[in-house]
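Commentary on secondary and tertiary structure
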Amino acid sequence: MRILILQVAPQTRGRPIPRFDPRLGTLLTLLAERGHELHLIGLSRFDEGRVKAALTRCLPQLVFADISPVCVGAARRALEFLGTREFLPIVAGGAFPTVAPAEALSLPGVAAVAIGEPDATLVTYLERLKDPVAPTAVRGVWLRDEQGLTRPQLPGLVEDLDSLPFAERDLFGYAEWLARCGELEIAVGRGCPQHCGYCSNDAERMMYEGRGVWVRRRSPGNVLDEITVVRRRHATVRSVRILDHAFALDDSWLVGFCEAYARRCGLPLRCHLRANAVTSTRLTLLRSANLADADVEIISGSDFIRNEIFAMDLSNAQIVAAFGELHRAGVRTRAVLYLGSPYESEASMEDTLHLLRALRPARVDVRPYFPFPGTRAAAEPCGSNGWLSPRGEEEYHADRPGIEMPACRPPLVTACIRRIRAEFATTVSSPWWRRLRQAPQHLLKLMRGR
Ligand code: SF4
């Protein structure tokens, strides 16, 4: 079957879409292995010209739309357009359909929604479509037809992640990405043991309750095999980035990984670290694997927002201590934060600014808070207080939060986001004078091959 895949996701950090996504990449490999012909385009906004060109090039028999919760409007427009030009079956999947399947099924032309981890759902569904007499009901795929809505249970979780093939990368334009920045991205597991109130992890975990172990990790050998395969194909790989937030939370797995990584790769490593999990033992271990960069979610300078609203169990003191440890170990840090979260105020934004000044991260990634559907914070307190913005994702793309609180209007939040981006090196929208100031450092980095 010829399948056109639309990755509808925001363009972050100036990175073009399509953007490598390990979950989608694994699905694409599985579909290719079953003989499907795949074409992938990325959309952060509806672009009629690109959709038309993809239709002409691909002549699809089916469209699969992988939809991010902050691009539902863009997906709606693209699917509407498809509906007016072609009579094509459309299946939706990805983060938004997983947490809001009924809403995804109401998008124009969508006849089926693959929920959760698509390896076990979408692949089987497409196999059934090939056989006109086979029943189409498949675990994890919601359907809408003349009879109404079919909502089958989810299948069990894939427990042995090593049994999955390596993720497809070429369709994402990975050679160009590596030539541009040299950073190989890889996922080492699925699921997360944390319970941050702004994250859809909890919603997914609950959906899968009773269907297997939620937090799973690939074996270190399997991860290193994939890194080796990608490095053999692309001489431009200069560093490795682990995408999982839960990467460093299991000590026994981490020991095995760091040993294998140091022995079989050794390139500068970047990963997520939980500030309350940065211990000197873990840091020594990670340094043995050439840890060079750490992304740390601080989210807010307000202990109240971080802990009472988002249940992160993470104090300012722990954050300060973690950054101190990381800097002493020579690890570059990137602080990740949201502004405009529930109960944000001018005072809490000032607290965030003061905390950042004390932490002195090498880079800051600051975004407006967006209440992702299915997350705890979106329901309580945002939904219950009537704070959800009627303009939804448009706000997020304009650097305004997706909630409106009388005590902290969106323009105040936007101003503070811009202030932080002007004061700190960022991965988003650095002002021209900062980029100019950073140019000699970038040049030095390039000369050192990093
Ligand atoms: S640590 Fe990351 S993935 Fe885990 S619950 Fe928190 S935000 Fe979600």
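The model shown is predicted, which means the values in this text are computed figures rather than measured ones.

A word on the site of the ligand. The environment of the ligand is formed by Cys192, Gln194, Cys196, Tyr198, Cys199, Asn201, His245 and Arg274. Its residues assigned to classes, the shell around the ligand comprises four nonpolar, three polar and one charged.

Now for the pattern of salt bridges. Once the charged atoms of two side chains with opposite charge are near each other, the side chains can pair. Tallying each qualifying case throughout the model produces 30 salt bridges. Of the charged contacts in the structure, one is a salt bridge between Arg282 and Asp251, with a shortest N-O distance of 2.7 Å. Of the two residues, Arg282 is situated in helix α11 (residues 280-288) and Asp251 in helix α10 (residues 251-264); the sequence distance between them amounts to 31 residues. With a shortest N-O distance of 2.7 Å, Asp399 and Arg421 are connected by a salt bridge. With Asp399 in the loop between α16 (393-397) and α17 (410-423) and Arg421 in helix α17, this residue pair connects regions lying 22 residues apart in the sequence. You'll find Asp399 and Arg421 in the same group, each marked buried. Each member of the salt-bridge network shares a partner with another, and the members are Glu183, Arg241, Arg270, Asp295, Arg334, Asp365 and Arg367.

Time to look at unusual backbone geometry. Between Glu380 and the following residue, Pro381, the backbone shows a cis peptide bond with an omega angle of 20 degrees. As for its position among the elements, Pro381 is in helix α15 (residues 376-383). Phi is positive for Arg360, close to 50 degrees, though the residue is something other than glycine. On the secondary structure map, Arg360 appears in the loop between α14 (346-359) and β15 (363-368). Residue Arg360 is classed as exposed on the basis of its relative accessible area, which comes to 65%. With a phi close to 65 degrees, Asp399 is a non-glycine residue in the positive phi region. Look at Asp399 and you get buried, because its relative accessible area is 14%.

Attention shifts here to the packing of aromatic side chains. Under the definition given, this model contains 16 aromatic pairs. Between Phe247 and Phe257 the ring centres are 5.3 Å apart and the planes differ by 85 degrees, which places this aromatic pair in the edge-to-face class. Of this pair, Phe247 sits in the loop between β11 (239-242) and α10 while Phe257 sits in helix α10, and the two are 10 residues apart along the sequence. An identical accessibility class is assigned to Phe247 and Phe257; each is buried.

So, on to the nonpolar core. Among the nonpolar cores identified, the biggest contains 98 residues, and Phe247, Phe257, Tyr261, Ile298 and Ile420 are the most heavily contacted of them. When residues of this core are assigned to their parent elements, the largest contribution, six residues, is made by α10. Both of domain 1 (2-150) and domain 2 (173-447) provide at least three residues apiece to this core. Each residue touching Phe257, except ones within four places of it in the same chain, is listed here: Pro220, Val223, Leu224, Ile242, Phe247 and Leu269. Counting residues in each nonpolar core, the second largest holds 40 residues, with Ala74, Leu82, Leu154 and Phe370 among its members.

Next up on the list: α14. Under the 1.5 Å per step criterion, the end-to-end length of α14 is 20 Å for 14 residues, consistent within 8% with the ideal 20 Å. Listed in full, the buried residues belonging to α14 are Ser348, Met349, Thr352, Leu353, Leu355, Leu356 and Leu359. The arc that holds every buried residue of α14, seen down its axis, measures 160 degrees, which confines them to one face. α14 presents Glu346, Ala347 and Ala358 as exposed residues on the side facing more than 90 degrees away from its buried surface. Buried residues along α14 sit against β13 (291-299), α12 (303-309), α13 (316-328), β14 (332-339), β15 and α17.

Reading guide: rules and limits
- Residues numbered from 1 in each chain as written.
- Predicted model: local features only at pLDDT ≥ 70, side-chain atom pairs only at ≥ 80, totals over all residues.
- Heavy atoms only, no water.
- Near = heavy atom within 4 Å.
- Nonpolar A, V, L, I, M, F, W, Y, C, P; charged D, E, K, R; others polar.
- Salt bridge = Lys/Arg side-chain N within 4 Å of Asp/Glu carboxyl O.
- Helix = DSSP H or I, 4+ residues; strand = E, 2+ residues; numbered from the N terminus.
- Buried < 20%, exposed > 50% of the residue type's maximum accessible area, 1.4 Å probe, protein only.
- Phe/Tyr/Trp six-rings, centres within 6.5 Å; stacked < 30°, edge-to-face > 60°.
- Core = buried A, V, L, I, M, F, W, Y, C linked by side-chain atoms within 4.5 Å.
- Domains from an automatic or database assignment.
- Contact = heavy atoms within 4.5 Å.
- Expected span 1.5 Å × (residues − 1).
- Arc of directions from axis to C-beta.

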